[in-house]
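# Fold and contact review
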Amino acid sequence: MAIAEQKRDGRASALPQMQSARWALASLSLATLLSSLGTSIASVGLPSLMQNFGASFQSVQWVVLAYLLAITTFIVSAGRLADMFGRRSLLLGGIALFTSASGLCGLAPTLGLLIAARAVQGLGAALMMALTLAFVAETVSKERTGSAMGLLGAMSAIGTTLGPSLGGLLIAGFSWRAVFLVNVPLGVLTFALAWRALPARNKTAQVDRGTFDVMGTVLLALTLAAYALALTLGRGNFGALNISLLVIAGIGVVLFARVQTKVKKPLIQLASFRNFQLSASLAMSLVVATVMMATLAVAPFYLSRGLGLDAAMVGLVLSTGPLVSTLSALVAGRLTDRFGAHRMMVAGLLSLATGTFLLSLAMTKLGIVGYVVPITVTCVGYALFQTSNNAAVMTGVGAGERGVVSGLLNLSRNLGLITGASLMGAIFAVASARGHEGIGPLSSDAAARGMQVTFQTATVLALVALVLALLSVRAEFRRQRLVEVSQNL
């Protein structure tokens, strides 16, 4: 009887903790949705902004670019600040900043003020993106980390998928301002949930408030900004400005590394990159994001020119990828919890490489099916890799490093997307030009040729990531063997 009562008491005491963890995960999921929605929803409003402000495309594209640059340059520093001052307060501050900036975007009277508000919104998004992954380890048991990562991945995919369609409806029904104002009620709801559910910092934890690496932060921000601008300015046409920015980024990397070796409390512990598994995970994240960007940068041209689909059908077919990623991410989390992160990482990259290889065949005779089936295999692999890689990294670092490592994970993905947009777009342009004669729209054969070469390159990159994953699994196996031997001794 006593044993039964103890079990009942244990289950009763665990219920509030489980409910609290669910509410916390709900707030983190909404924060993830907001940050991804902020990336995708603004793009659909660019034509309206051109008309309302009488501006050129080169000017209004900074509405998107300012947001992405702010995230890219600040995300690692956001993680470091959270490790120093507490993740709860920084995440709440990020949600409040994002929400307030969204309101300013919706009320902006000029394009310049809108771009400035979007940059501030990006700073809030950087805080949210850097800290949601870090918070998972504090709010969810290790056995359910994979499921939690899968949920966040699904919410990110939903935000990316929902953005263009929701933005189009809001612009049609109201105006471009509604695209930004819709974030305000969502942000208030997210803030309220986070305030209620996220755990406070442990009072016994040591806090070091006076050691933030300002010089390293500035150098890293300038370096990342130079790299991002080098790959985004000129819309894929590299010129002297792009090359100069790449040179500046290279010099910035060298200077940043030197500063990190001299300061007492560096922004990034360079010694941590000696951990092969962490370095491999970051490299794989960058490579996989580069590969996946090809599906966004190249696929629309193939579907419209290669298969001859109209705009409505192109949009419908393109929605297949994000939809598959959303559904797969939830399943991927459970598989990661059951079979282990490293095994699922390899399985995901195998699926990714298979899908990109099938896409490289560009079988126009099969029509839409020849695209939908390969993209489904590709996106299943991506969701499985993303979930398992995030789980492996975040469960393998100490509590005091989770913010920075989470920031590095998001940074590697962001840099991969920026690199992919430039690299894959350039490869498609060159390859399709070789198969295109004369002036005018791309022919079906030229679009298919560009698709083939682009995804042949993507397949090679996917195989590189797979090799890194296998080496990482080998390193993990050796580590576990050493632990077992030391315990037996």
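Presented here is an overview of the structure given in this document. Quick caveat, the model's predicted, so the values are computed rather than measured.

A few words now on the side chain of Thr 295. Mapped onto the elements of the fold, Thr 295 is located in helix α12 (residues 276-297). A polar contact is formed between the side chain of Thr 295 and the backbone oxygen of Met 292, at a distance of 2.5 Å. Residue contacts for Thr 295: discarding those within four places in its chain leaves Pro 300, Leu 318, Tyr 371, Ile 375 and Phe 455.

Tracing the chain through its elements places Tyr 67 in helix α4 (residues 62-85). Residue classification places Tyr 67 among the buried positions, given a relative accessible area of 1%. Linking Tyr 67 and Ile 115, residues 48 residues apart in sequence, is a C-alpha distance of 8.2 Å. Each residue touching Tyr 67, except ones within four places of it in the same chain, is listed here: Leu 34, Ser 35, Gly 38, Thr 39, Phe 98, Arg 118, Gln 121, Gly 122 and Ala 125.

There is a patch of nonpolar side chains on the surface, built from Ile 243, Val 247, Ile 251 and Leu 255 and spanning about 350 Å² of accessible area. Relative accessible area serves as the criterion here: at 47%, Ile 251 is assigned to the partly exposed category.

An ideal rise of 1.5 Å per residue puts 32 Å on 22 residues; α12 measures up with 31 Å between its terminal C-alpha atoms. When you tally the buried positions in α12, you get 16 out of 22 residues, the bulk of the element.

Once that is clear, we can look at the packing of helix α5 (residues 87-107) against helix α9 (residues 183-197). Contact geometry of α5 with α9 gives a least axis separation of 8 Å together with a crossing angle of 165°. Comparing their axes, α9 and α5 come out roughly antiparallel. Relative to α9, the crossing made by α5 is left-handed. Between α5, through Arg 88, Leu 92, Ile 95, Ala 96, Phe 98, Thr 99, Ser 102 and Gly 103, and α9, the contact on the second element is made entirely by Asn 183, Val 184, Gly 187, Val 188, Thr 190, Phe 191, Ala 194 and Trp 195.

Reading the values: rules and limits
- Residues numbered from 1 in each chain as written.
- Predicted model: local features only at pLDDT ≥ 70, side-chain atom pairs only at ≥ 80, totals over all residues.
- Heavy atoms only, no water.
- Helix = DSSP H or I, 4+ residues; strand = E, 2+ residues; numbered from the N terminus.
- Polar contact = N/O pair within 3.5 Å; in protein donor to acceptor, adjacent residues only side chain to side chain.
- Contact = heavy atoms within 4.5 Å.
- Buried < 20%, exposed > 50% of the residue type's maximum accessible area, 1.4 Å probe, protein only.
- Patch = residues over 30% accessible without salt bridge, like charges linked within 9 Å, V, L, I, M, F, W, Y side chains within 5 Å.
- Areas by Shrake-Rupley, 256 points an atom, 1.4 Å probe, with all protein chains shown as cover.
- Salt bridge = Lys/Arg side-chain N within 4 Å of Asp/Glu carboxyl O.
- Expected span 1.5 Å × (residues − 1).
- Axes fitted to C-alpha atoms, helices over the stretch in contact; angles between N-to-C directions.
- Parallel < 35°, antiparallel > 145°, perpendicular 65-115°, else oblique.
- Left-handed = near helix turned anticlockwise from the far one by under 90°.

Read these as geometric descriptors, not functional statements.
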